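# Chains, contacts and geometry: an overview
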Amino acid sequence: MLKHRLIPCLFLRNGVLVQSRGFKRYQMLGNPVVAVDRYNQWGVDELIYIDITPGAYSGLNREDVASPSRNNILDIIRDVSKKCFMPLTFGGGVRTLKDIGDRLACGADKVTVNTAALDDPKFISEGAKEYGSQCIILSIDVKRAEDGSCRVVRSGKAMTDLDVIEWAKKAEGLGAGEIFLNSVDRDGSGQGYDLELVRTVARSVNVPVIACGGVGNWDHLVEGVRQGEASAVAAANIFSYKEQSIIEAKQYLIKSGLNFRPDGAGEGVK
């Protein structure tokens, strides 16, 4: 049986890590490179970085813990990949096949695609043909409409008429290797995953589904696997303020009887 994965998701805005809530409010957390060291020590299964910088990219010209400020996403990927000892995914701002190739060449193992795929679904199949389906993750931002239906959101804000299930199934057919499913409604809320959404998507496709959005405690991670039937559970804010949070989360998941790889801290699960 394939093991489930625990994946920290780090959001980048203007070259620094930020905490996100509802895709509207952002709080600076620190340097994207410095963060990698502790995740290496904690035995993280994978890392996902998503660049949510609006408009033209610009850094904050801030030197942090001897790490230079970067105003180019490719420089950040290079810096992160040099220190990262686990599979690394980068997303945000991917518009062309060259964008995918550049990120992979700089050290990313996978790339998430979002808006470009909405604009032209063939972009998924072209990317999968050029670089392999295992490198292409479709990122789907989802918001519930007033009637309760789940609709795909464009650029984190504008709700479309596109049904999330139809879009996920189409993307799988076009060659997407995984689905990164992020609930806009639950983002930063601490209320837990939208389990109905995650479960419905997971049952509709045969590729792995990564659940994201809303984790406020370790039980929410357990629910994401058991009730949401996700292949991987991702979270952002909950890992930002507590030392050894990944170790605690991994131990809690394993103690709950779930099939996760033990943490890398040398302690295992007691």
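Okay, so let's go over this structure. (Residues numbered from 1 in each chain as written. Predicted model: local features only at pLDDT ≥ 70, side-chain atom pairs only at ≥ 80, totals over all residues. Heavy atoms only, no water.)

### Quick word on the pattern of salt bridges
Per the stated rule, a full pass over the model turns up 15 salt bridges. One salt bridge connects Glu46 with Lys110, and the closest N-O pair in it is separated by 3.4 Å. Placement of Glu46 in the loop between helix 1 (34-41) and strand 4 (47-51) and of Lys110 in strand 6 (residues 110-113) is noted, with a sequence separation of 64 residues between them. The class of Lys110 is buried, set by a relative accessible area of 12%. Because the salt bridges share partners, they merge into one network encompassing Arg5, Glu46, Lys110 and Glu178. (Salt bridge = Lys/Arg side-chain N within 4 Å of Asp/Glu carboxyl O. Helix = DSSP H or I, 4+ residues; strand = E, 2+ residues; numbered from the N terminus. Buried < 20%, exposed > 50% of the residue type's maximum accessible area, 1.4 Å probe, protein only.)

### Focus on helix 8 (residues 218-226)
Taken together, the buried positions of helix 8 are Trp218, His220, Leu221, Val222, Gly224 and Val225. Packing partners of the buried residues in helix 8 comprise strand 1 (5-13), helix 7 (195-204), strand 12 (232-235) and helix 9 (245-255). Regarding helix 8, its N-cap is Asn217, as a side-chain oxygen of that residue lies 3.0 Å from the backbone nitrogen of Asp219 further along. (Contact = heavy atoms within 4.5 Å. Polar contact = N/O pair within 3.5 Å; in protein donor to acceptor, adjacent residues only side chain to side chain.)

### Focus: the environment of Asp51
Tracing the backbone shows Asp51 in strand 4. Judged by its relative accessible area of 13%, Asp51 is buried. Sequence separation between Asp51 and Leu17 is 34 residues, and the spatial gap between their C-alpha atoms is 9.1 Å.

### So, the pairing of strand 11 (residues 209-212)
Taking every second residue as pointing to the same face, both faces of strand 11 are buried, with Val209 and Ala211 on one and Ile210 and Cys212 on the other. Bridge analysis of strand 10 (residues 178-183) against strand 11 gives four bridges, and the strand direction is parallel. Bridge pairing in strand 11 places Asn182 opposite Cys212. In this fold, strand 10 hands off to helix 7, which returns the chain to strand 11; that crossover is right-handed. Relative to strand 12, strand 11 runs parallel, the two sharing two bridges. By the bridge assignment for strand 12, Ile210 is matched with Ala232. Crossover handedness for the path strand 11 to helix 8 to strand 12: right-handed. (Pairing = 2+ DSSP bridges. Right-handed = clockwise from strand over helix to strand, strands pointing away.)

### Brief notes about the nonpolar core
A general feature of soluble globular proteins is that nonpolar side chains tend to end up buried together. In this structure, Tyr39, Tyr49, Phe90, Leu138, Ile140 and Val164 are the most contacted members of the largest nonpolar core, which totals 75 residues. Beyond its immediate stretch of four places on either side in the chain, Tyr49 contacts Leu10, Leu12, Leu17, Pro32, Val36, Val80, Leu88, Thr89, Phe90 and Gly91. Membership of the second largest hydrophobic core comes to 14 residues, among which are Ile7, Ile48, Ile137 and Ala232. (Core = buried A, V, L, I, M, F, W, Y, C linked by side-chain atoms within 4.5 Å.)

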